[in-house]
Amino acid sequence: MNRHDSKSDRIVVFIDYILLIILILITLYPFWDLVVLSISPRNEALSSGLRLFTLNPDFQAYKQVFESPEVWRSFYNSIIRVIAGTSISVFFTALTAYPLSKKDLPLNKIITGLILFTMMFSGGLIPGYLLMKSLGILDTLWVLILPGAVGAYNIIIMRNFLRTLPDSLEESAKIDGAKDFTIWWQIVLPLSTPVLATVTLWVAVGHWNAYFDALIYITDRSKYVLPVLLRRILLENQIEMYLPGQADTSGVIVKPTEETVKAATIVISAIPIIMVYPFLQKHFTKGIVLGAVKG
Amino acid sequence: MKETAITKDNRTTLMANKNSLFRRIWNYKALFLMLLPGLCFILLFNYGPMYGLQIAFKDYNIGEGIWGSSWVGLKHFKMFFSNASALRVLKNTLLISIYRLLWGFPAPIILALLINEVGNKAFKRVAQTISYLPHFISWVIAAGIVINVLSPSTGIINHFLKAIGIQPIYFMTDTRWFRTILVASGIWKEVGWGSVVYLAAISSIEIEQYDAAIVDGATRIQRMRYITIPSMLPLISIILILSMGGILNAGFDQIFNMYNPMVFEVSDIIDTYVYRIGLVQMNYSFSTAVGFFKSTVGLTLILIVQFITKQLGNSEYGLW
């Protein structure tokens, strides 16, 4: 609110704040509700209502989730996927974007057009599946990493960023006798950290959250990644299969409800993202702004 | 061009041109070498599947392979269009897309305008940061969250409904509610993220314009209407074109993780249908034909909308 505001302007600002506060509450409550549910004892979990806190936190559900070897294994597979997938993807995307940032590169327009076309048209699900099958990479880590490694969108973002770098730096390196690859590795890449950080985070979060490729290309249970396991537990109700503690109903101890266990699973899998989130959002925002630059 | 039709002179210039293009490429050989791995990825993984599209016109048989299977023309396309479930799938796809466009497209624009009017910097940042939070979680988790909130026994919404004397609603299995839930939860997840790019556009508006308007006595609503919104129009137009191209993408990730057989009737879209018919029922050729139809319509729509925007003038409003 500033001193120029008339009375009607103040009402507008007031309504604005109210609407935003409502939005904040609607966004946060479902997350908060899950956290509280995940530590609620059985009787509280079964009752409905506004869940703000619980007086008798019960960590049984977390215990059950952490005791499952399947959870640990898929967590491990996910980490490997993120690390390997992200490094391969960022390296080759940056390598591809550099030549395309040179406007005088012969055939540049044709090659860029060829890349852009993939954003508008694709072979689709079954032809993609048949390709992976004939390449013999089904049920391996490669099928999760290679197909999306180099994508049009990230190439364009990097290319647009590289075009804003001054040419003089590379020219002077050339006079000193440096080769193109050396220039890229020693001069261009260090100058590209903002866009590299952005794309790295995009790709890493993409890998962490990806489930569909893993769902269709991976049938071997020992190679599941976390989102696939989550889907089986949360949405396909195969909770007993993966979190076996639940199946045992003969015990004297009151077991957490299925909903509580599901909530604990969600919380655990969302923690890595929420932890790096403040860092993420800064770079994600930068990236989407970079991406909006037309070139 | 036919070789015989080229006169001797033409041929030498053609050769010279070829030579010079070849020479120019040779001069850039290091850069082309750097381009090579990326291009191989794209050719193999993006263009590779396009080779397999031919099975849409064949009866795919695992033993014979893609190339060996026999041609059947438009059989699978005809089958799709003469099929009652196909019509239902098309109708659902379009309806869900249109609802999303109607409600989901303006939402981030409105949010950006709301956030922009906030004077308190700290509150502005908090509102923005929290609004994107759901974007970072996958639809697998988001679906779990939505199901939890809407649960008929323990969900908060039904708790309030009970409090005012309304019977609990089984939202996730109720065909009357399912599409509303899709659209609403889609906005919940993506509105903050969608507003980022609009806020970036707003922040590039020159502050002098607002100062001048304030001197002229413009109210906040007037400044929004005559300065902020017009400045966002090129961007709004680009994003609208992109979403028109995706009109047959009714949001696979979300629906796939939220739907169940009880609501197939209102929620089954082309992509979920292609998945079930193709990968679950292993009906490869039919499923590919349906997917091919979808991608072609999508591509055509992008080109048409882009053409129209170009015709209307200002290239600032187009995609390229």
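Parameters and conventions
Residues numbered from 1 in each chain as written. Chains lettered and ligands numbered in written order. Predicted model: local features only at pLDDT ≥ 70, side-chain atom pairs only at ≥ 80, totals over all residues. Heavy atoms only, no water. Helix = DSSP H or I, 4+ residues; strand = E, 2+ residues; numbered from the N terminus. Rg over C-alpha atoms; globule rule 2.2 N^0.38 Å. Buried < 20%, exposed > 50% of the residue type's maximum accessible area, 1.4 Å probe, protein only. Contact = heavy atoms within 4.5 Å. Areas by Shrake-Rupley, 256 points an atom, 1.4 Å probe, with all protein chains shown as cover. Lys, Arg positive; Asp, Glu negative; His and termini not counted. Charge placed at Lys NZ, Arg CZ, Asp CG, Glu CD. Polar contact = N/O pair within 3.5 Å; in protein donor to acceptor, adjacent residues only side chain to side chain. Axes fitted to C-alpha atoms, helices over the stretch in contact; angles between N-to-C directions. Parallel < 35°, antiparallel > 145°, perpendicular 65-115°, else oblique. Left-handed = near helix turned anticlockwise from the far one by under 90°. Nonpolar A, V, L, I, M, F, W, Y, C, P; charged D, E, K, R; others polar. Buried area = accessible area lost by both parts, 1.4 Å probe. Salt bridge = Lys/Arg side-chain N within 4 Å of Asp/Glu carboxyl O. pLDDT = per-residue confidence, 0-100. Phe/Tyr/Trp six-rings, centres within 6.5 Å; stacked < 30°, edge-to-face > 60°. Lys NZ or Arg CZ within 6 Å of the ring centre and 35° of its normal. Core = buried A, V, L, I, M, F, W, Y, C linked by side-chain atoms within 4.5 Å.

Moving on, we come to the overall build of chain B. Helix and strand counts for chain B stand at 16 helices and zero strands. For chain B, whose C-alpha radius of gyration is 26 Å, the value lies well above the compact-globule estimate of 20 Å for 320 residues. Taken along its principal axes, the extent of the C-alpha atoms in chain B is 85 × 60 × 35 Å. For chain B, buried positions account for 52% of its 320 residues. Nonlocal contacts in chain B, meaning residues at least 24 apart in sequence, comprise 62% of its contacts between residues at least 6 apart. As presented, chain B carries roughly 16,200 Å² of accessible surface, and 66% of it is formed by carbon and sulfur atoms. Positive and negative side-chain charges in chain B, numbering 26 and 16 respectively, have mean positions lying 5 Å apart.

It is worth spelling out the overall build of chain A at this point. For chain A, the count of helices and strands is 15 helices and zero strands. For chain A, whose C-alpha radius of gyration is 25 Å, the value lies well above the compact-globule estimate of 19 Å for 295 residues. Projected onto the principal axes, the alpha-carbon positions of chain A cover approximately 80 × 70 × 35 Å. With 295 residues in all, chain A has 52% of them scored as buried. Look at the contacts in chain A between residues 6 or more apart in sequence, and 69% of them connect residues 24 or more apart. Roughly 13,900 Å² of accessible area belongs to chain A as shown, and the carbon and sulfur atoms make up 68% of that amount. Side chains of chain A carry 25 positive and 22 negative charges; the gap between the two charge centres is 5 Å.

Here we take up the environment of N61 of chain B. Turning to its location among the elements, N61 of chain B is positioned in the loop between α2 (29–52) and α3 (65–68). One polar contact links the side chain of N61 of chain B to the main-chain amide nitrogen of G63 of chain B, over a distance of 2.8 Å.

Our focus in this paragraph is the packing of helix α6 (residues 106–116) of chain B against helix α10 (residues 178–203) of chain B. All names here are of chain B. Two elements in contact, α6 and α10, have axes separated by 7 Å at closest approach and are oriented at 60 degrees. Comparing their axes, α10 and α6 come out oblique. Here the hand of the crossing between α6 and α10 comes out right-handed. Counted together, A107, P108, I109, L111, A112, L113, I115 and N116 of α6 and I187, V191, G192, G194, S195, Y198, L199 and I202 of α10 form the full contact between these two elements. A per-class count over the contact of α6 with α10 returns twelve nonpolar, four polar and no charged.

Contact residues are listed per partner, giving 92 residues for chain B and 95 residues for chain A. Counting each side, the surface lost to burial between chain B and chain A is near 8,300 Å², with a carbon and sulfur contribution of 77%. At the junction of chain B with chain A, the criterion picks out one salt bridge. Across the pair R223 of chain B and D9 of chain A runs a salt bridge whose closest N-O atoms are separated by 3.6 Å. Linking chain B with chain A are eleven residue pairs in polar contact (both at pLDDT 80 or more), by the criterion used here. No other element matches the 19 residues that α2 of chain B contributes to the side of chain B that touches chain A. By residue class, the composition of the side of chain B that touches chain A is 62 nonpolar, 23 polar and seven charged.

This next bit is on the confidence of the model for chain B. Residue and element names in this part refer to chain B. In this model, chain B carries an average pLDDT of 88, and 92% of its residues clear a pLDDT of 70 or more. Taken element by element, the predicted model of chain B shows its lowest mean pLDDT in helix α1 (residues 8–27) (69) and its highest in α6 (96). Here the predicted complex carries an ipTM of 0.87, next to a pTM of 0.87.

Turning our eyes to something else, we now look at the packing of aromatic side chains. The description of an aromatic ring pair uses the distance of the two centres, along with the angle that the planes make with each other. For the structure on display, the rule yields 41 aromatic pairs over all chains. Ring geometry for Y60 of chain B and Y284 of chain B: centres 5.6 Å apart, planes at 40 degrees, overall tilted. Here Y284 of chain B lies in helix α16 (residues 284–311) and Y60 of chain B lies in the loop between α2 and α3, a separation of 224 residues in the sequence. For Y284 of chain B, a relative accessible area of 6% puts it in the buried group. These aromatic residues form a ring-pair network of at least three members: F91, F92, F181, W184 and W185 of chain A together with F41 and F45 of chain B. Directly above the ring of W71 of chain B sits K58 of chain B, whose terminal nitrogen or CZ lies 4.4 Å from the centroid. For R276 of chain B, the ring lying beneath its charged end belongs to F264 of chain B, and the centroid distance is 4.2 Å.

For the rest of this paragraph, the subject is unusual backbone geometry. Even without glycine at this site, D139 of chain A takes up a positive phi of about 60 degrees. Relative to the helices and strands, D139 of chain A is located in the loop between α6 (125–135) and α7 (142–145).

The subject of this paragraph is the nonpolar core. When a protein is soluble and globular, its nonpolar side chains tend to lie buried together. Judged by nonpolar contacts, the single largest core of 152 residues is most densely connected at F212 of chain A together with M258 and Y275 of chain B. Take this core: its biggest share by element is eleven residues, from helix α15 (residues 258–292) of chain A. Contact partners of F212 of chain A, with chain neighbours within four places excluded, come to L125 of chain A together with F252, F256 and Y275 of chain B. Membership of the second largest hydrophobic core comes to 28 residues, among which are L20 of chain A together with L199, M224 and M232 of chain B.

Residues that lie three or four places apart on an α-helix share one face, since the helix turns once every 3.6 residues. Of all nine residues that make up helix α13 (residues 226–234) of chain A, nine are buried, and the element is covered over most of its length. L226, P227, V228, L229, L230, R231, R232, I233 and L234 of chain A are the residues of α13 of chain A that are buried.

On to the side chain of N158 of chain B. Residues and elements named next belong to chain B. Relative to the helices and strands, N158 resides in helix α9 (residues 156–163). Of the residues examined, N158 reaches a relative accessible area of 0% and is grouped as buried. Setting aside residues up to four positions removed in sequence, N158 forms contacts with L150, S151, P152, P168, I169 and F171.

A side chain of one charge can pair with a side chain of the opposite charge if their charged atoms are brought near each other. Residues and elements named next belong to chain A. Tallying each qualifying case throughout the model produces 18 salt bridges over all chains. Two residues, D213 and R81, come together in a salt bridge whose shortest N-O distance is 2.7 Å. Taken together, the positions of D213 in helix α12 (residues 212–217) and R81 in helix α4 (residues 69–100) put the pair 132 residues apart, joining distant regions of the chain. Residue D213 shares its accessibility class with R81, and that shared class is buried.

Orientation of α4 of chain A relative to α2 of chain B, taken along the N-to-C sense of each, is 130 degrees, at an axis distance of 8 Å. Between α4 of chain A and α2 of chain B, the angle is such that the two are oblique. Seen along the crossing, α4 of chain A lies across α2 of chain B with a hand that is left-handed. Judged by residue contacts, F92, L95, T96, Y98, P99 and L100 of chain A of α4 of chain A engage L31, M34, L35, P37, G38 and F41 of chain B from α2 of chain B. Residues that form the contact of α4 of chain A with α2 of chain B fall into these classes: ten nonpolar, two polar and no charged.

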